[in-house]
Amino acid sequence: MFHSLVYTVMLVQASGQIPDQQKTCADLESRAFTIGTWMTHNWTGGQMNGGKTRIAVVGQQLQDQVAYFWFEVSLDDPARGAKMTVQILAGGPGNTAGGVRKAVMKMGNMPPMTVPPETVRMFDGINVAQIARECRTMALVGWDDVTAPAGAFRAMHLRDPRTAAEFWITPGAQSQVVKLTWKDGSTAVLTAQGNDAKSSITGMP
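Here's what I pulled together on the structure shown here.

Attention now goes to the overall build of the chain. Helix and strand content of the chain: four helices and 11 strands. Taken across its 205 residues, the chain has 52% of its residues classed as buried. Sequence separation of 24 or more characterises 53% of the internal contacts of the chain that already satisfy a separation of 6 or more. Of the roughly 9300 Å² that the chain leaves accessible, carbon and sulfur atoms contribute 53%.

Given below as structure tokens:
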């Protein structure tokens, strides 16, 4: 379940006017981030039924003179009484440095904790640059008209042959994942977006 959430944040950007798959993925790989960008999705079906997620870019940090971004993924699952926020420091598009550098997790009302280095490794390979490259090898289903609470969109429909997950990604300067389906039957649709996000974790460890 959590992998699907992080996987979503890694497919946040794309650009172009109804380009082909390779160009869209190339745009995704080279796109620069704007601090404060956020989007929310509502989930139905599967393990995520009734859940809400928020994905945001909340900061930037230099590591070995390379710019990394703090991505925040928040899950609110009222049906199970679960609230979780995870922040990962990972490379953005165009960053060839591999791996997630840091991760911080907050569960419910508990104080935030640093994820141990050996556990951080589980996030390796899911930074934005890596997922952008994987975008090139996904199966292109076509271009679909998608209606979501956030509006009506023309989106590129991709299927990941490894996970059977499907993504609908819009082109343009402020693109996003407007819909995704997971192999357990979970479906997420875009409900809102903006550019004023700040970290929701206070008292970082």
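Within this structure, the stated rule accounts for one aromatic pair. For the pair phenylalanine 69 and phenylalanine 71, a centre-to-centre distance of 6.5 Å together with 55° between the ring planes defines the contact as tilted. Here phenylalanine 69 matches phenylalanine 71 in class, with each residue buried. The cationic tip of lysine 179 hangs over the ring face of tryptophan 168; the distance from NZ or CZ to the ring centre is 4.7 Å.

We now examine the pairing of strand β1 (residues 38–44). The buried count for β1 comes to five of seven residues, which makes it a mostly enclosed element. Note: β1 against strand β2 (residues 52–63), five bridges, orientation antiparallel. Pairing of asparagine 42 across the sheet is with lysine 52, part of β2.

Before going further, it helps to examine the environment of threonine 85. Tracing the backbone shows threonine 85 in strand β4 (residues 82–91). Placed 27 residues apart in sequence, threonine 85 and proline 112 show a C-alpha to C-alpha distance of 8.9 Å. Dropping the residues within four chain positions of it, threonine 85 is found in contact with Glu72, Val73, Ser74, Val104, Met105, Lys106, Ser200 and Ile201. Among the polar contacts made by the side chain of threonine 85, one reaches the side chain of serine 74 at a distance of 3.4 Å.

What follows is about the environment of threonine 40. Secondary-structure assignment places threonine 40 in strand β1. Residues threonine 40 and valine 189, 149 residues apart in the sequence, show an inter-C-alpha distance of 8.4 Å. Among the polar contacts made by the side chain of threonine 40, one reaches the side chain of threonine 191 at a distance of 2.6 Å.

Threonine 40 gets classed as buried once you look at its relative accessible area, which sits at 19%. Residues in contact with threonine 40, not counting those within four places in the same chain, are Thr53, Arg54, Val189, Leu190, Thr191 and Ala192.

The rules behind each value
Residues numbered from 1 in each chain as written. Predicted model: local features only at pLDDT ≥ 70, side-chain atom pairs only at ≥ 80, totals over all residues. Heavy atoms only, no water. Helix = DSSP H or I, 4+ residues; strand = E, 2+ residues; numbered from the N terminus. Buried < 20%, exposed > 50% of the residue type's maximum accessible area, 1.4 Å probe, protein only. Contact = heavy atoms within 4.5 Å. Areas by Shrake-Rupley, 256 points an atom, 1.4 Å probe, with all protein chains shown as cover. Phe/Tyr/Trp six-rings, centres within 6.5 Å; stacked < 30°, edge-to-face > 60°. Lys NZ or Arg CZ within 6 Å of the ring centre and 35° of its normal. Pairing = 2+ DSSP bridges. Polar contact = N/O pair within 3.5 Å; in protein donor to acceptor, adjacent residues only side chain to side chain.

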